[in-house]
Amino acid sequence: MCQALFLPPGPSGGRACRARFFFLLNVDVSLMLAIGEYTLQTLDVQYFSLDGGSIFGVVPKVLWEKMIAPDHLNRVRLSMRVLLIRGKGRNILVDAAMGTAWSEKMKQIYDLSEWRLDEELQRADLKRRDITDVVFTHLHFDHVAGAFEERDGRLVSVFPNARFYVQRKNYEAASRPNMKEKSSYVFPFIEALEKSGSMELIDGCVELLPGVEMILRGNGHTAGHQLVRITGNDKTLVHGGDLIPSSAHLAVTRGLAFDIAPLEVIRDKIALLNDLLEKRWLLYFAHDPFIEAATVRRGEKHVVVDKMVKV
Ligand SMILES: [Zn+2]
């Protein structure tokens, strides 16, 4: 059971080539997903590219390139979709993509797409100031940087009325990164988060609102990695963070080369997959280039997507 954290209500208010594999799947085309008292919507804000080897770790290219086709530099196109959760007078985001505060050189390295935050918020009839909470699964740059933008030479919050939630253990890891993760935790964004005055450090499982929980799981990707689980009316969706970032990572041994403890990732993935299978929970993919969310089933060799759900 999570500790409860009920705060007063706030104000209301370039893609990859699809591999053949995905055409065979079922799709549920509802555009906004209702779970209990909450509605969920994807903000399709930004795409980037990472080296295929870093995304699939020890998996040989001949296998992963059948799932997601690489570009001429061996990079794989990935989404950095943001999940919007609305209800009880709150507009909550899970993660914030990369945003705009990057040099031309870095934009090129990551083949960073345009930043469509305002257009996507407008589609939800919201403005930046309406966002009340941002939950970071972890503070790697592709999850935190978009919450900040450069103004007069300083990094400032994009969401002036939002509180930012991160696990204390993850904040500590980001503040003093180990050698492996030094380039994943980009210091100016961690410093901007500290200076924002809006950071809330949490410990373990915490219920942000009834039915919206932050769960400490995925410490093998990075210390203090958390998932977000939304439950209501017999329906549950789990945001897979970087524990299961795409449908291509459903096989338990397909981990990211960034993972700091691959065996821990495997253990946590098995536990999550068991819940998804037994309880028919939906899984939300942060980085999948094509699929926002899905139910899963046992396949011949490993767990696979059963029904895709558009969120
Ligand atoms: Zn990531």
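Thresholds applied
Residues numbered from 1 in each chain as written. Predicted model: local features only at pLDDT ≥ 70, side-chain atom pairs only at ≥ 80, totals over all residues. Helix = DSSP H or I, 4+ residues; strand = E, 2+ residues; numbered from the N terminus. Rg over C-alpha atoms; globule rule 2.2 N^0.38 Å. Buried ≥ 20, exposed ≤ 12 C-beta atoms within 10 Å, placed from the backbone. Core = buried A, V, L, I, M, F, W, Y, C linked by C-beta atoms within 7 Å. Contact = placed C-beta atoms within 7 Å. Pairing = 2+ DSSP bridges. Axes fitted to C-alpha atoms, helices over the stretch in contact; angles between N-to-C directions. pLDDT = per-residue confidence, 0-100. Arc of directions from axis to C-beta. Expected span 1.5 Å × (residues − 1).

Visitor: Got a minute to help me understand the overall build of the protein chain in this structure?
Guide: The helix and strand tally for the protein chain stands at 8 helices and 20 strands. For 311 residues, the compact-globule estimate of 2.2 N^0.38 gives 19 Å, and the C-alpha radius of gyration of the protein chain, at 18 Å, lies within 12% of that figure. Overall, the C-alpha framework of the protein chain stretches about 50 × 45 × 35 Å when taken along its three principal axes. Buried positions account for 48% of the 311 residues belonging to the protein chain.

Visitor: For this particular structure, what's the right way to read the nonpolar core?
Guide: Of all hydrophobic cores here, the largest spans 95 residues; its most connected members are Leu40, Val134, Phe189 and Leu283. Beyond its immediate stretch of four places on either side in the chain, Leu40 contacts Met32, Leu33, Ile35, Leu83, Leu84, Ile85, Ile230, Leu237 and Val311.

Visitor: What am I meant to see in the environment of Tyr38 here?
Guide: As for its placement among the helices and strands, Tyr38 is situated in strand 4 (residues 38-43). It is 11 Å that separates the C-alpha atoms of Tyr38 and Leu237, two residues lying 199 residues apart in sequence. With residues up to four places along the chain from it excluded, the contact list for Tyr38 reads Ile85, Arg86, Gly87, Gly211, Val212, Ile230 and Gly232.

Visitor: Please clarify how the pairing of strand 16 (residues 226-232) should be interpreted in this entry.
Guide: Strand residues, when the strand is regular, have side chains that alternate between the two faces of the sheet. With respect to burial, strand 16 is a largely interior element, 5 of its 7 residues being buried. Sheet analysis places strand 15 (residues 212-216) next to strand 16, joined by 5 bridges and oriented antiparallel. Opposite Glu213, over in strand 16, you have Arg229 as the bridge partner.

Visitor: What exactly am I supposed to notice about the sheet that holds strand 3 (residues 33-35) here?
Guide: Hydrogen bonding along the main chain pairs the strands of a sheet, whether they run parallel or antiparallel. Spatially, 7 strands are ordered 3-4-7-8-9-12-13 in an open sheet, and the strand pairing comes out mixed. Sheet topology places strand 3 and strand 13 (199-202) at the edges, where each strand pairs with a single neighbour. Going across the sheet, the axis of each strand differs from the next one's by a mean of 25 degrees, ignoring polarity. Bridge count for strand 9 (residues 133-135) against strand 12 (residues 163-167) is 3 bridges, and the pairing is parallel. Within strand 12, the position partnered with Asp133 by the bridge is Arg163. Against the sheet, helix 6 (residues 168-175) engages strand 12 and strand 13, with an angle of about 85 degrees to strand 12.

Visitor: Teacher, can you tell me more about the pairing of strand 4 here?
Guide: Inspection of the sheet shows strand 3 paired to strand 4 by 3 bridges, in the antiparallel sense. Bridged to Ile35 within strand 4 is Tyr38. Hairpin connection, strand 3 to strand 4: the antiparallel pair is bridged by 2 residues, and Gly36 has positive phi, about 55 degrees. Where strand 4 meets strand 7 (residues 82-87), 5 bridges bridge the pair, whose relative direction is antiparallel. Bridge pairing in strand 7 places Leu43 opposite Val82.

Visitor: What is the right way to read the confidence of the model for the protein chain from this model?
Guide: When pLDDT is low, close inspection of the predicted coordinates is not appropriate. With 91% of its residues at a pLDDT of at least 70, the protein chain reaches an overall mean of 91. Between residues 8-13, whose pLDDT stays under 50, and residues either more than four places distant or in other chains, the model counts 15 contacts. Note that pLDDT drops below 50 for residues 16-25; the model gives that stretch 15 contacts with residues more than four away or on any other chain.

Visitor: Which parts of the structure should I look at to understand unusual backbone geometry?
Guide: Note on backbone geometry: most residues besides glycine have negative phi, and most peptide bonds are trans. The backbone of Asn233 shows a phi angle near 45 degrees, a positive value even though the residue is not glycine. If you trace the backbone, Asn233 turns up in the loop between strand 16 and strand 17 (235-239). The phi torsion at Asp234 lies on the positive side, around 65 degrees, for a residue other than glycine. Mapped onto the elements of the fold, Asp234 is located in the loop between strand 16 and strand 17. Residue class for Asp234 comes out exposed when judged on the 9 C-beta atoms lying within 10 Å of it.

Visitor: Just to check I follow, could you spell out the environment of Val305 for this structure?
Guide: Mapped onto the elements, Val305 comes out in strand 20 (residues 303-309). On the basis of neighbour counts, which here come to 24 C-beta atoms within 10 Å, the residue Val305 falls in the buried class.

Visitor: I'm lost on helix 7 (residues 187-195) in this one. Help?
Guide: For an α-helix, 3.6 residues make a turn, and residues three or four places apart therefore share a direction. Here helix 7 has its buried residues at Phe189, Ile190, Ala192 and Leu193. Buried residues of helix 7, seen end-on, are gathered within an arc of 160 degrees and therefore sit on one face of the element. On the buried face of helix 7, the contacting elements are helix 5 (141-144), strand 10 (148-151), strand 11 (154-157), strand 12, helix 6 and strand 13. Within two residues after helix 7, Gly197 carries a phi angle of roughly 75 degrees, on the positive side.

Visitor: I tried to follow helix 8 (residues 262-279) on my own but got confused; where do I start?
Guide: A rise of 1.5 Å per residue sets the reference length of helix 8, with its 18 residues, at 26 Å; its end C-alpha atoms lie 25 Å apart and thus fit the reference within 8%. Taken as a whole, helix 8 has its buried residues at Val265, Asp268, Lys269, Leu272 and Leu276. Down the axis of helix 8, the smallest arc covering the buried residues is 105 degrees, so these residues share one side. Facing away from the buried side of helix 8 by over 90 degrees, the exposed positions are Leu263, Ile270, Ala271, Asn274 and Glu278. If you follow the buried residues of helix 8, they end up packed against strand 17, strand 18 (282-284) and strand 19 (293-298). Two residues or fewer after helix 8 comes Arg280, characterised by a positive phi angle close to 55 degrees.

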